[in-house]
Amino acid sequence: MSARNIGSTGRRSSEWLGDGGKAGFIARHHLRQEGLASRQLDGRPVIGIANTWSELTPCNAHLRTLADSVRRGIQTAGGLALEFPVLSIGEPFMRPSSMLYRNMMAMELEELCRANPLDAVVVLTGCDKTTPAALMALASVDIPSIILTGGPMLNGRFRGRVVGSGTDIWRMTEALRAGEIDAAEFTEFESCLNRSAGHCMTMGTASTMASLTEALGMQLPGAAALPAVDSRRAVLAEDTGVRAVELAEEGLRPSAIMTREAVENALVVSAACGGSTNAVLHMLAIAGRLGVPLTLDDIDEVSRRVPLLVDLMPSGRFLMEEFAYAGGVPALMRELGDLLHTEAITVTGRPLAESIAAARNDGPEVIRPLRNPVQPAGSGTAVLRGNLAPDGAVIKVSAADPALLSHTGPALVFDSVAEYHAVADDPDLDVTADTVLIVRNCGPKGYPGMPEVGNLPLPRKLLEQGVRDLVRISDARMSGTAYGACVLHVAPESAAGGPLGLVRTGDLVRLDVPGRRLDMLVPDDELATREAETTPTLPPAERGWTRLHIEHVLQADRGVDLDFLVGSSGDAPAGTPF
Ligand code: FES
């Protein structure tokens, strides 16, 4: 804390509330307006509860009541709890893409923490973008803080079998389009998948980011995997509130927790749990806020040496419920052993080694030991480069048909997702199992907001032939619950002048995952001619957030943050203190 912020109790909040004159009066009498007695304003630490609760974010709808448990913990430990709303990002609803709003939530939370009389903050998150946005904000404001993710849903159950978020939706949608199931079965499935409160229970983006938050040291051990409706989550919430008060007193800040070592731990855990490709973007953005140097090459390097240990959909068989009962992230980290920096300090104030020592793997089928992985090292997210993606692209190896990892085929190119959807069911579509399906203008600027459309549905013609995977290339993202030989995050994107905008239908495209290459087999002079003839187009954006986003968003290899949000400004309010 800067000297400027030290008030009469030495707490940040006392600069607002500890002042004996008019400024303090104004701050205190407005808290009395909320019915707070004098004893609540006796200089105790003020702990914010930043809540992403919203009925427009069903995965976070239970956070309204979970906040009560956090509040109980704060009060038990002698703090004053002040809950406030933060922009909530509902993955299923927000258009054109939830990713367009991640940076908005990060900016809002950062500024709210900085502008208010808070000594520490608890952030309640859940659905995909809310957790990385919170981590980015906390890295930039660097106020003592702790995250509590809302926990995954219970397993889906349909006609006697377990079904998982997203992953089984893709499967059932393909089965419907292939004529293997009828509309009635599809509708019945709809009501059986999401049986409880919580976020998606596959190892999708929400579960990945919850696990990485724990690996980064920013939430209490075991918090990532425990189901949302397990009564022990309320206990965890109370413990989180208690710990927030202690953090305020200790002054332990995110910059002391989210170090380079902690970031590396998160990457190792992501690879070991088959984490979402979206985590690549989020970790690059978080590292950018922290000032921790991190590149796509670092992510590829970790992926090459860390095997897949967690047998969860979409790469494996089980769901977050089984992961929790097996011991969750602490048990996984125990199996990872020397691959982690166990000296890293977590939000507990203690080294990671202590959380790991207390862990037990009660489900060795779900969390495999290093000597018996689900898939060997190198099956996680691979980073590709070539004349189609000079600044990089990614593919989730474990989610692809192995036969397609080294593949050359003719491109079938679409300038938009809508253009592809218009012909996807056409029986005369000129497509075979060798085709490389390309969709562009889906990047950070081009869509705008880089939607999760990179796992394009297969052409009906191929589905009816029994084809279940196809090489697909785009500057889009894909859901962490999805699967397929999908090359994503191509950078630079086509709308920013990237060479993805130059490829034409019929060009041969070569995907070489072992060699980490992605190329179109077109002579350089021909590409130069095409480049001279091509004008990238940006979507219209006259005003508001979309305009700000398009003008300032960084490419996928920089985490899709806004250029002016990279880095940290600390917790001192802007302007001159009065
Ligand atoms: Fe919210 Fe999947 S839709 S986590």
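Please refer to the structure placed before this passage.
(A) Up close: the overall build of the chain. Helix and strand counts for the chain stand at 20 helices and 14 strands. The globule rule puts the C-alpha radius of gyration for 578 residues at 25 Å, and the 24 Å found for the chain is close to it. With the C-alpha coordinates aligned to their principal axes, the bounding extent of the chain is approximately 75 × 55 × 45 Å. Going through the 578 residues of the chain one by one, you find that 59% of them count as buried. Within the chain, contacts between residues at least 6 apart in sequence are counted, and of these 76% link residues at least 24 apart. Of the roughly 21300 Å² of accessible surface on the chain, 52% is carried by carbon and sulfur atoms. One finds the centroid of the 52 positive side-chain charges in the chain at a distance of 5 Å from the centroid of its 71 negative side-chain charges.

(B) The sheet that holds strand β2 (residues 80-85), seen in detail. With respect to topology, four strands assemble into an open sheet ordered β2-β1-β3-β4, the strand pairing being parallel. The outermost strands of the open sheet, each flanked by one partner alone, are β2 and β4 (145-149). Each strand axis lies, on average, 20° off the axis of its neighbour in the sheet, ignoring direction. Strand contacts of helix α3 (residues 63-76): β1 (46-51), β2, β3 (120-125) and β4, with the helix running at about 170° to β1, the strand carrying the most contacts.

(C) Quick peek at the packing of helix α5 (residues 130-141) against helix α12 (residues 278-290). At a minimum axis distance of 8 Å, the contact between α5 and α12 shows a crossing angle of 10°. Here α12 runs roughly parallel to α5, going by the angle between their axes. Contact residues: Pro132, Leu135, Met136, Ala137, Ala139 and Ser140 in α5; His282, Ala285, Ile286, Arg289 and Leu290 in α12. Here the contact of α5 with α12 is built from residues that sort into eight nonpolar, two polar and one charged.

(D) Region of the structure containing the side chain of threonine 149. Position of threonine 149 relative to the elements: it lies in strand β4. Assessed through its relative accessible area of 1%, threonine 149 is described here as buried. Of note is the side chain of threonine 149, whose polar atom sits 3.0 Å from the side chain of glutamine 219. When residues no more than four places from it in sequence are discounted, the contact partners of threonine 149 are Thr125, Thr131, Ala210, Gln219, Ala223, Ala224 and Arg233.

(E) Molecular detail of helix α6 (residues 167-177). Considered for burial, the residues of α6 that qualify are Thr167, Asp168, Met172, Glu174, Ala175 and Arg177. Residues of α6 that are buried sit in contact with β5 (156-158), β6 (161-163), α7 (183-193) and α18 (460-464). Downstream of α6 by one or two residues, glycine 179 has phi in the positive range, about 80°.

(F) Seen up close, the pairing of strand β8 (residues 389-396). Counting buried positions over the eight residues of β8 gives six, a clear majority of the element. Pairing of strand β7 (residues 381-386) with β8 involves five bridges; the strand directions are antiparallel. Opposite alanine 382, over in β8, you have isoleucine 395 as the bridge partner. Linking two consecutive strands that pair antiparallel, namely β7 and β8, is a turn of two residues.

(G) View of the pattern of salt bridges. The full count for this structure, using the stated rule, is 41 salt bridges. A salt bridge links aspartate 230 to arginine 232; its shortest N-O distance comes to 2.7 Å. Note on aspartate 230: relative accessible area 16%, which makes it buried. For arginine 232, a relative accessible area of 48% puts it in the partly exposed group. Notably, a salt bridge pairs arginine 260 with aspartate 298, separated by 3.9 Å at the nearest N-O pair. Pair noted here: arginine 260 is in helix α11 (residues 260-272) and aspartate 298 is in helix α13 (residues 296-305), with a separation of 38 residues, a long-range link. Take arginine 260: its relative accessible area is 28%, and that puts it in the partly exposed class. What you see here is one network of salt bridges that share partners, running through Glu110, Glu111, Arg114, Arg289 and Asp561.

(H) Main features of α13. All buried positions along α13 are accounted for by Leu296, Ile299, Asp300, Val302 and Ser303. One face of α13 carries all of its buried residues, which in axial projection span an arc of 160°. Packing partners of the buried residues in α13 comprise α11, α12, β7 and β8.

(I) Region of interest: the packing of aromatic side chains. Under the definition given, this model contains two aromatic pairs. On the basis of an interplanar angle of 70° and a centroid distance of 5.2 Å, the ring pair of phenylalanine 414 and tyrosine 420 is categorised as edge-to-face. Taken as a pair, phenylalanine 414 and tyrosine 420 share a single burial class, namely buried.

(J) Region of interest: the side chain of aspartate 561. The residue aspartate 561 is located in the segment after α20 (544-552) in this model. For aspartate 561, a relative accessible area of 1% gives the class buried. Each residue touching aspartate 561, except ones within four places of it in the same chain, is listed here: Arg102, Asn103, Met136, Ala285, Arg289, His552, Val553, Leu554 and Val566.

(K) The environment of proline 221, seen in detail. Along the polypeptide, proline 221 turns up in the loop between α8 (205-216) and α9 (231-250). In the structure, proline 221 is positioned 210 residues away from arginine 11 in sequence and 27 Å away in space, judged by C-alpha atoms. For proline 221, the contacting residues outside a window of four places in its chain are Glu214, Leu236, Pro330, Thr348 and Ser355.

Cut-off values and rules
- Each chain carries its own residue numbering, running from 1 in the written order of its sequence.
- Local features in this predicted model are restricted to residues whose pLDDT is 70 or higher, and side-chain atom pairs enter the listing and the counts only when it is 80 or higher, whereas totals over whole chains, interfaces and linings include all residues.
- Water and hydrogen atoms were dropped before computing side-chain values, which therefore reflect all heavy atoms in the structure.
- Strands are runs of DSSP state E lasting at least two residues, helices are runs of H or I lasting at least four, and both sets are numbered from the N terminus onward.
- Throughout, radius of gyration means the C-alpha value; the globule benchmark is 2.2 Å times the number of residues raised to the power 0.38.
- Classification of residues uses two cut-offs on accessible area relative to the type maximum, computed with a 1.4 Å probe and protein chains only: under 20% is buried, over 50% is exposed, and between them is partly exposed.
- Two residues form a contact once any of their heavy atoms are found within 4.5 Å.
- Method for areas: the Shrake-Rupley scheme with a 1.4 Å probe, in which residue coverage is limited to the protein chains shown.
- Only four residue types enter the charge count, namely Lys and Arg as positive and Asp and Glu as negative; His and the chain termini do not.
- Lys charges are placed at NZ, Arg charges at CZ, Asp charges at CG and Glu charges at CD.
- In this analysis, strands are considered paired if DSSP registers two or more bridges between them.
- Structural elements are reduced to axes, namely lines fitted to C-alpha atoms, with helices fitted over the stretch in contact, and the angle between N-to-C directions of any two is expressed from 0 to 180 degrees.
- To sort the angles, those under 35 degrees are grouped as roughly parallel, those over 145 as roughly antiparallel, those from 65 to 115 as roughly perpendicular, and the leftovers as oblique.
- Residue type decides the class: Asp, Glu, Lys and Arg count as charged, Ala, Val, Leu, Ile, Met, Phe, Trp, Tyr, Cys and Pro as nonpolar, and the leftover types, Gly among them, as polar.
- In the analysis that follows, any N or O atom pair within 3.5 Å is treated as a polar contact, provided that within protein one partner can donate a hydrogen and the other can accept it, and provided that, for residues neighboring in sequence, both atoms belong to side chains.
- Any carboxyl oxygen of Asp or Glu within 4 Å of a side-chain nitrogen of Lys or Arg constitutes a salt bridge here.
- Read the arc as the range of directions from the helix axis to the C-beta atoms.
- Any pair of Phe, Tyr and Trp rings, taking the six-membered ring for Trp, is counted once the centres come within 6.5 Å. Such a pair is stacked with planes under 30 degrees apart, edge-to-face with planes over 60 apart, and tilted for the rest.

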